Amino acid sequence: MNFNKKICIHTFVTSGFLGWGELFLEGLRRVHGEQIHVRIDSRDLSDEDIDLLYNTYGNIEIHNRPFAWDKLSNETGVPIDTIHGWRKEIEQGIVTKENYLFKIAISVNERYRSLQQVAHEIRSQGFDLMLHSDADVYIRRSMTPLFNIIQQHDFCLYIRPNRPHRLAVVGGFLGFNFNERTDGFLQVWMDKIDETPFKERWIGYGQSVLWFALNGCKELEIGDLNKTSGSPRLSKLFEKDKELWLGNSKVVGPTKTVSIRKCWEDLLSQLPRVPLPERSKSEIAHSFLLDKINKFKAIIKN
């Protein structure tokens, strides 16, 4: 890789998105081997889930903790069983006026609100850049051009022109070049998140407050990935010429199920991937990969 700074990729995985987390790592490894350090913050993963991720990708750290179901039930006044039903709907890509508070609890309260601390910890480990990504993203091509773009700006993201604030940005793919300006932006962003009480937040709240924060940081040098040459192109339609396929796809049927199946089909069609490096668990990881390939081939045939 030709970029000059040390980068860490960060993503956020819940138990319901474990398969996407695995695919995210497999796609990255197929393209870049294990050159890039990955940090995963997660909620409610079992020991077996964590072992699967460690055996999928060696250059990784996982910060797992339980999700506070009781707290969310108390904040919303909704029974825990109902909230678990919301979780299942969100995991299928279904967002409604009833279940959206669970999406906000995960994507904003748990994920975005923790990014300031995550960025601080990653920076303290000696990293210069951070790419924060949705877990349900399938990486199909080299990310090196994107890393070069991130190091040339303070902050990078995809901006949608002429859209209302809740649709103005893509909040699932954010590049940080650590410096005083990004520190200031992160503080403004966290303050914006906290301004509105939880139950008064709206569908799209996470993207809205990100947009508001960006507009409040005029000194921040922003790279619009929709306009910058070399940026990876996003696809919700599984287009073969695009670098990134998104789990939030435009397909008929159960969105997340169809999307992950199509992504795995594409990954398997492009194997072999970059060979595993020599490490203590290499033999285990090899057998782990072969077992997964056989299982997913069976799934695809069905």
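Details of the structure are given in the entry above.
Okay, so let's go over this structure. None of these values were measured; they are calculated from a predicted model.

1. Concerning the pattern of salt bridges
Then, number 1: Scanning the entire structure with this criterion turns up 17 salt bridges.
Then, number 2: One salt bridge in this structure joins Arg-29 and Glu-34, with 3.2 Å as the shortest N-O distance. In this pair, the class of Arg-29 matches that of Glu-34, namely buried.
Then, number 3: What you see here is one network of salt bridges that share partners, running through Arg-233, Glu-239, Asp-241, Lys-242 and Glu-243.

2. Digging into the packing of helix H1 (residues 18–32) against helix H2 (residues 47–56)
Then, number 1: The interhelical angle for the contact between H1 and H2, taken along N-to-C directions, is 10 degrees, at an axis separation of 9 Å. Classified by the angle their axes make, H1 and H2 are roughly parallel. Together, Leu-18, Gly-21, Glu-22, Leu-25, Glu-26 and Arg-29 of H1 and Asp-49, Leu-52, Leu-53 and Thr-56 of H2 make up the contact between the two elements.
Then, number 2: Of the residues assigned to the contact of H1 with H2, the class counts are 4 nonpolar, 2 polar and 4 charged.

3. Here we look at the sheet that holds strand S1 (residues 7–14)
Hydrogen bonds between backbone groups are what pair the strands of a sheet, and the pairing can be parallel or antiparallel.
Then, number 1: Taken together, 7 strands build an open sheet; the order of strands is S3-S2-S1-S4-S7-S6-S8 and the sheet is mixed. Every other strand in the sheet has two partners, leaving strand S3 (60–65) and strand S8 (222–224) as the edge strands with one partner each. Averaged over all adjacent pairs, the angle separating strand axes in this sheet is 20 degrees, with direction ignored.
Then, number 2: As paired strands, S1 and strand S2 (residues 37–43) are joined by 7 bridges and run parallel to one another. The residue bridging Cys-8 from the neighbouring strand is His-37, located in S2.
Then, number 3: In the packing of helix H8 (residues 180–195) onto the sheet, contacts are made with strand S6 (155–159) and strand S7 (169–177), and the angle to S7 comes to roughly 145 degrees.

Reading the values: the criteria
- In every chain, residue numbers begin from 1 and rise along the written sequence.
- Restriction of local features to residues with pLDDT of at least 70 applies here, the model being predicted, together with a cutoff of 80 or more for giving and counting side-chain atom pairs; totals for whole chains, interfaces and linings are based on all residues.
- Side-chain metrics in this entry use all non-hydrogen atoms of the structure; hydrogen atoms and water are not considered.
- When a carboxyl oxygen of Asp or Glu lies within 4 Å of a side-chain nitrogen of Lys or Arg, that pair is called a salt bridge.
- Here the term buried applies to any residue with accessible area under 20% of the maximum for its type, exposed to any over 50%, and partly exposed to those in between, with areas from a 1.4 Å probe on protein chains only.
- Think of each axis as a best-fit line through the C-alpha atoms, taken over the contacting stretch in the case of a helix, with angles from 0 to 180 degrees between the N-to-C directions.
- The helix count covers DSSP runs of H or I at least four residues long, the strand count covers runs of E at least two residues long, and both are numbered beginning at the N terminus.
- Note on terminology: angles under 35 degrees are roughly parallel, angles over 145 are roughly antiparallel, angles of 65 to 115 are roughly perpendicular, and the others are oblique.
- The contact rule is simple, with two residues in contact once any of their heavy atoms fall within 4.5 Å.
- Under the convention adopted here, Pro, Cys and the residues Ala, Val, Leu, Ile, Met, Phe, Trp and Tyr are nonpolar, Asp, Glu, Lys and Arg are charged, and Gly plus all remaining residues are polar.
- Pairing between strands is defined by DSSP: at least two bridges between them are needed.

That's the geometry; what it means functionally is another story.
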